[in-house]
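Each chain, letter by letter, is given below.
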Amino acid sequence: MKFFKDIDNSVATRTTMIVIMMILVIMLSMGFWQNYHVRHIIEKSMHHRTNMAIENAVKIIDGHLAEVETAVNTASGYAGMLGLEDHEPREAEIYQMMEQLISSNEEIAAVTMMFREDFFPNHGRYYAPTVYRNLKTNQLEREEIGGPEHDFSYLETDSNWVYTNKLNSSYWCLPYVDSMSTKRAMMSYSVPLHDKRGDIYAILCADVDLHWLQGIVENAKPYDYSDVIVISRDSQFIAHPDSAWILSKNVVEGKKTKKDKEYLSLIGHMLRHEKGTDTLESGVYENLGRRRTECAGRIITFFAPITRVQWSVSFLFPEEEIMKDANHLSSYLSVMLVFMIILISAVLYFVIQYQLRPLKILAEDAHQVAKGDFSVQLPIIHRNDEIRNLRDSFSDMTQSLTNYIDKLTETTSQKASMESELRIASDIQMSMLQKTFPPFPDRHDIDVYGMLKAAKGVGGDLFDFFIRDERMFFCIGDVSGKGVPAALVMAVTRTQFRIVASHETEPEIIVSAINNIMSANNDTNMFVTLFVGMLDLASGRLTYCNAGHDSPLILDKNGVNELPCEPNLPIGVLENWEFRQQEAMLQSPSTIFLYTDGLNEAEDITHAQFGDKRIVQEAKTLLSEGELHPREVIDRMTDAVHQFVGGADQSDDMTMLAVYYCP
């Protein structure tokens, strides 16, 4: 099973399949084209051969009929020279003339001269001397078929016999079965004899035996498996593969169903004496009395008229018989194609397998390298091709990986040391912030709570507060940038706030002092947004100075309001900048909520921001619930922003500070 799995997944198998598919497409295309071309040639040859055959058959039949016409017309001229119009019977000359006519033409089976009634009084009312060929003895015999029982005057011109005053010119009658002598399919050619006044006194009739017709059309067939039919103008078969159908079946009688539609179409063309070809379904054979169960395909038919007698001849043959050789060729080519595909597949597979064997070994060695074994010996390839280039490149890559891993090990060690130092720095930074809450457990007029969440290991936000002389000093700030540099600036800023606020009271002076210190030698161009406030705990008077920071919110009985703040510049931007101090009176109870832009600019996965409106809305909800204590305010804000952000990563440091005043 593993062997077959390896075969299925191998490059040799896939390459072999791709090549075989391309060869198969090309060979199939060529095979289809060749099959189409061969069929086209066969069809073209068949059309040419059949057209020649049907034209030849029509010419031969027409020639036989023309010979009969010529012989009878000549005999009629000789009969006119006998002076019969003078009512003088010359039986010997008449019989001699008819015997000579029938002897000189094998197609003529009988000759009759029918005289007008009472033309020879001594021969009775009707006189019709006849000479016919006895089929048994092959001798000519005479007979007089006139008499009271044969009245020719009632017969029409389109009947089997014709009479004088119904016929003005020579005429081929419809085919019929001779019931008087030969009992075979016959047709008559009649020529009227005129007297000096132009009246018809007799008709010379030549009965033509149609047995030769079947032989002519059978010999003219373009293929042995062809069927041939000839129909007369009165829709009768006069040539048919089954002799029982001759002059016994009407070609259109009873053919009115949907199944006979194509057959009737063919017969319609023939009865209209058209020339052409058509392709029909095999059901046409059933209408012709033929049972070709082995031919279930289409039937090709060619038809042409015999104008002299208004007949139509048609050749029919199964299409699959014509295309038998082409089908055999297609079958042979299909077998050859399968054999060639199998042979080519086997040869290609083993050739490609041999050519790609070094690549397989290289892949196995690469698998060992992937497991971490860089000491594996790569195969030696003597051929100067792409696989050797790949082997050399892989060898170089292995060496590079070895060097890289050595460097990575060293770098990882250094990084681990840096991460350890960064954790220590983070611990030091956090230790600089207030961690004990509530910070003033003995006081009931003031409560404070703050939190800082850095985006990285260390951050640049800060907050601080302390009480001196019944005044509470507090600040919140945001250093530009993140990481260690921002943390260092944050530490310096917080230290400066402690130092300056320990002996200065006015926030304006505190901010200005920190700004001058931070602006001097600020080669990194880092700055800090800072808000510094001083709350007189006895009076509730709040003095403050804002250096580019977001304005705090005041939550009291008047609602949630933004503390009016001068924007000013952040500290560290411009030395000796004059900051403006502001003041406000806090009501009891009141909560001052301060935050950095990590809160209002917090983003969800679609980069939508939490925003100032949501901060105000959460503050109003807290106020309506009577929650003004610092921890509750900050916890609710933290939950709200976490719910908004969802799974998005924190993009900035987030710091909040809440001061609750209730004297």
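Residues numbered from 1 in each chain as written. Predicted model: local features only at pLDDT ≥ 70, side-chain atom pairs only at ≥ 80, totals over all residues. Heavy atoms only, no water.

Next up on the list: the overall build of the chain. Summing up its helical and strand segments, the chain has 14 helices and 22 strands in all. For the chain, with 663 residues in total, the buried portion stands at 45%. Counting every atom, the chain has about 34,800 Å² of accessible surface; 54% of that belongs to carbon and sulfur. (Helix = DSSP H or I, 4+ residues; strand = E, 2+ residues; numbered from the N terminus. Buried < 20%, exposed > 50% of the residue type's maximum accessible area, 1.4 Å probe, protein only. Areas by Shrake-Rupley, 256 points an atom, 1.4 Å probe, with all protein chains shown as cover.)

The antiparallel open sheet is built from 5 strands, whose spatial order is β13-β22-β21-β18-β19. With partners counted over all chains shown, the strands left at the sheet margins are β13 (446-453) and β19 (559-562), one partner each. The sheet shows a mean angle of 15° between the axes of neighbouring strands, direction not considered. Bridge count between β13 and strand β22 (residues 654-661): 8 bridges; the pairing is antiparallel. Within the sheet, the bridge partner assigned to M451 lies in β22 and is M656. Here helix α14 (residues 630-645) sits on the sheet and contacts β13, β21 (590-595) and β22; the angle it forms with β13, its principal contact strand, is near 25°. (Pairing = 2+ DSSP bridges. Axes fitted to C-alpha atoms, helices over the stretch in contact; angles between N-to-C directions. Contact = heavy atoms within 4.5 Å.)

As a further point, take a nonpolar patch on the surface. A cluster of nonpolar residues, L329, Y332, L333, M336, F339, M340, L343, V347 and V351, forms a patch on the protein surface that exposes about 780 Å² of accessible area. Tracing the chain through its elements places L329 in helix α8 (residues 324-370). L329 sits in the partly exposed class, given a relative accessible area of 32%. (Patch = residues over 30% accessible without salt bridge, like charges linked within 9 Å, V, L, I, M, F, W, Y side chains within 5 Å. Salt bridge = Lys/Arg side-chain N within 4 Å of Asp/Glu carboxyl O.)

Turning next to the packing of aromatic side chains. For the structure on display, the rule yields 15 aromatic pairs. Ring centres of F437 and F465 lie 6.3 Å apart, and the angle between their planes is 40°; this geometry places the pair in the tilted category. Separated by 28 residues along the polypeptide, F437 in the loop between α9 (386-431) and β13 and F465 in strand β14 (residues 461-468) bring together distant segments of the chain. Look at F465 and you get buried, because its relative accessible area is 0%. On the numbers, 5.4 Å between centres and 20° between planes, the contact of F466 with F473 is stacked. The exposure classification of F466 matches that of F473, with both residues buried. Cluster of aromatic residues (ring-pair linked, three or more members): Y223, Y225, F302 and F317. Above the ring of Y223, the side-chain terminus of R49 is found at 4.4 Å from the ring centroid. In this structure, K249 packs its charged tip against the face of W245, placed 5.2 Å from the ring centre. (Phe/Tyr/Trp six-rings, centres within 6.5 Å; stacked < 30°, edge-to-face > 60°. Lys NZ or Arg CZ within 6 Å of the ring centre and 35° of its normal.)

Once that is clear, we can look at the nonpolar core. Ranked by internal contacts, the top residues of the largest apolar core, which has 74 residues, are F474 and F593. The residues contacting F474, other than those within four sequence positions of it, are D464, F465, F497, F531, V532, G533, M534, L535, L542, I592, L594 and L657. In terms of nonpolar packing, the next biggest core, distinct from the first, is built from 59 residues, M98, W172, I238 and I322 among them. (Core = buried A, V, L, I, M, F, W, Y, C linked by side-chain atoms within 4.5 Å.)

In this approach, a probe sized like a water molecule rolls over the atoms, and the result shows the empty space that is left. What the second largest pocket holds in volume is close to 340 Å³. Lining the second largest pocket are 13 residues; nearest its centre among them are M27, G31, F32, L333 and L337. Elements with a minimum of two residues in the lining of the second largest pocket: α2 (11-80) and α8. The element that contributes the greatest number of residues to the lining of the second largest pocket is α2, accounting for 7 residues. Of the residues in the lining of the second largest pocket, the class split is 8 nonpolar, 5 polar and no charged. (1 Å grid on protein atoms, 1.4 Å probe; cavity = no way out; pocket = protein on both sides within 12 Å on 5 of 7 lines; lining within 4 Å. Points joined across faces, edges and corners; volume = space filled by probe spheres on them. Nonpolar A, V, L, I, M, F, W, Y, C, P; charged D, E, K, R; others polar.)

Next up on the list: the environment of N576. Take N576: it is sitting in the loop between β19 and β20 (581-585). The exposure class of N576 is exposed, given its relative accessible area of 57%. Separated by 61 residues in the primary sequence, N576 and N515 place their C-alpha atoms 7.5 Å from one another. What N576 contacts, discounting residues up to four positions off in sequence, is N515 and N516.

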